[in-house]
Amino acid sequence: MVDQGDLLADIIDDVDYFFLFSPSGSFYEKAAQLEDVDIVVVGTENDVGADTFVELPLEFDQIADRIRYGIEGALDNDLVERGDTLACTAGLFRSGTDMVARVRVEDAGHTGMYDLFTKSRAEPGVIRDVFEVAIELGRKGQKGKPVGALFVVGDAGKVMNKSRPLSYNPFEKSHVHVGDPIVNVMLKEFSRLDGAFVISDSGKIVSAYRYLEPSAEGVEIPKGLGARHMAAGAVTRDTSAVAIVLSESDGMVRAFKSGELILELDPEEY
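Residues numbered from 1 in each chain as written. Predicted model: local features only at pLDDT ≥ 70, side-chain atom pairs only at ≥ 80, totals over all residues. Heavy atoms only, no water.

(A) Broad picture of the overall build of the chain. In terms of helices and strands, the chain carries nine helices and 12 strands. In terms of overall dimensions, the chain has C-alpha extents of about 70 × 40 × 35 Å along its principal axes. For the chain, buried positions account for 48% of its 270 residues. Across the chain, the fraction of contacts at a sequence separation of at least 24, relative to all contacts at a separation of at least 6, is 56%. For the chain, the accessible area works out to roughly 14,000 Å², and carbon and sulfur atoms hold 46% of it. Mean positive and mean negative side-chain charge positions of the chain (27 and 47 charges, respectively) differ by 12 Å. (Helix = DSSP H or I, 4+ residues; strand = E, 2+ residues; numbered from the N terminus. Buried < 20%, exposed > 50% of the residue type's maximum accessible area, 1.4 Å probe, protein only. Contact = heavy atoms within 4.5 Å. Areas by Shrake-Rupley, 256 points an atom, 1.4 Å probe, with all protein chains shown as cover. Lys, Arg positive; Asp, Glu negative; His and termini not counted. Charge placed at Lys NZ, Arg CZ, Asp CG, Glu CD.)

Dropping the structure here:
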């Protein structure tokens, strides 16, 4: 007869690390007593005083995003290696721990998400909100048709100085911020027109319809990507902004930072 422990043994046996996502103090104390396995705590705060900790810039809504981010952060800080096997515990339906998943580091994939959130000037929540707008646009398009869009986030003053208006700026006298559901609908509507959106570090929408003027000389992007991606690479090379691009041709969402492509996501798989 199989007991509950035997049923779950295959998930946790022979793992290299236990990743605890926002654990309670009591759960962490129990896990710390495990032998022959290292403990890594992942969360917005190191409330349990763990020796090994990966900080989340925000509490991602999706468990899969938390796990991807935690693994990328651990890789970036040389805490784990490709090929390692992890047991990840987290709270799915409540604040405590109620789930465990077995993950190989390769299976989680590398998206560039950690680098984007931790090493950017703009607030992490602002970057997340812009990504969500781009991803939803990628899934649904504009009135059922594919659409392209370019969002430049952070260092807005310098970005404005390195661009010029293509048309009247509908946000010139407004004080609206990305993340507001009504504002997000406005962004989706305006995305069908040419030019980039410029968004401040704190999420204020500074402008729409901006033509980015930095020279693309020396900017390298993958073959097949067009003018929006080249502009994104150039403006992030010359400023401290990040750029999030939705491609009209292939529907992919890409992020640029410091002149380089650092993240690529398929909205249908995100």
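(B) The arrangement of the sheet that holds strand S9 (residues 205–212) in detail. Taken in spatial order, the seven strands line up as S7-S9-S8-S6-S10-S11-S12 in an open sheet, and their pairing is mixed. Here the strands that pair on one side only, and so sit at the sheet edges, are strand S7 (163–165) and strand S12 (260–265). Averaged over neighbouring strand pairs, the angle between their axes works out to 35° when direction is ignored. (Pairing = 2+ DSSP bridges. Axes fitted to C-alpha atoms, helices over the stretch in contact; angles between N-to-C directions.)

(C) How the structure looks around the packing of aromatic side chains. If you walk through the whole model with that rule in mind, you get six aromatic pairs. Judged by centre distance (5.1 Å) and plane angle (50°), the rings of Tyr69 and Tyr114 are tilted. Remark: Tyr114 occurs in helix H5 (residues 113–118) and Tyr69 occurs in helix H3 (residues 63–76); sequence separation between them is 45 residues. The burial state of Tyr69 is the same as that of Tyr114; both residues are buried. Between the aromatic rings of Phe190 and Tyr209, the centroid separation amounts to 6.0 Å while the plane-to-plane angle is 85°, which identifies the pairing as edge-to-face. On the criterion of sequence distance, the pair formed by Phe190 in helix H8 (residues 181–190) and Tyr209 in strand S9 is long-range, its members being 19 residues apart. By relative accessible area, which is 22% here, Phe190 ends up partly exposed. Given a relative accessible area of 9%, Tyr209 falls into the buried group. Members of the aromatic cluster, each reached through a chain of ring pairs, are Tyr69, Tyr114 and Phe117. (Phe/Tyr/Trp six-rings, centres within 6.5 Å; stacked < 30°, edge-to-face > 60°.)

(D) Seen up close, the nonpolar core. In terms of nonpolar packing, the biggest core is built from 57 residues, with Phe19, Phe131 and Phe151 touching the most fellow members. Element by element, the count of residues in this core is highest for helix H6 (residues 124–140), at eight residues. Not counting residues up to four positions away in its chain, the partners in contact with Phe19 are Val40, Val42, Gly70, Ile71, Ala74, Val80, Leu86, Ala87, Cys88 and Thr89. Grouped together as the second largest cluster of nonpolar side chains are 17 residues, Val159, Leu212, Ile221 and Ala241 included. (Core = buried A, V, L, I, M, F, W, Y, C linked by side-chain atoms within 4.5 Å.)

(E) Here's a closer look at the pattern of salt bridges. Inspection of every chain in the model, using the stated rule, returns 12 salt bridges. Its salt-bridge partner being Arg128, residue Asp129 comes within 3.2 Å of it at the nearest N-O pair. Judged by relative accessible area, which is 14%, Asp129 ranks as buried. Residues Asp250 and Arg254 are paired through a salt bridge, measuring 2.7 Å at the closest nitrogen-oxygen approach. On the accessibility criterion, Arg254 (4% relative accessible area) is buried. Through salt bridges with shared partners, one network takes in Arg121, Asp155 and Asp201. (Salt bridge = Lys/Arg side-chain N within 4 Å of Asp/Glu carboxyl O.)

(F) Region of the structure containing the side chain of Asn169. Tracing the sequence through the fold places Asn169 in the loop between S7 and H8. Side chain to side chain, Asn169 and Ser207 meet in a polar contact 3.5 Å long. Beyond its immediate chain neighbours, meaning those up to four positions away, Asn169 contacts Val206, Ser207 and Ala208. (Polar contact = N/O pair within 3.5 Å; in protein donor to acceptor, adjacent residues only side chain to side chain.)

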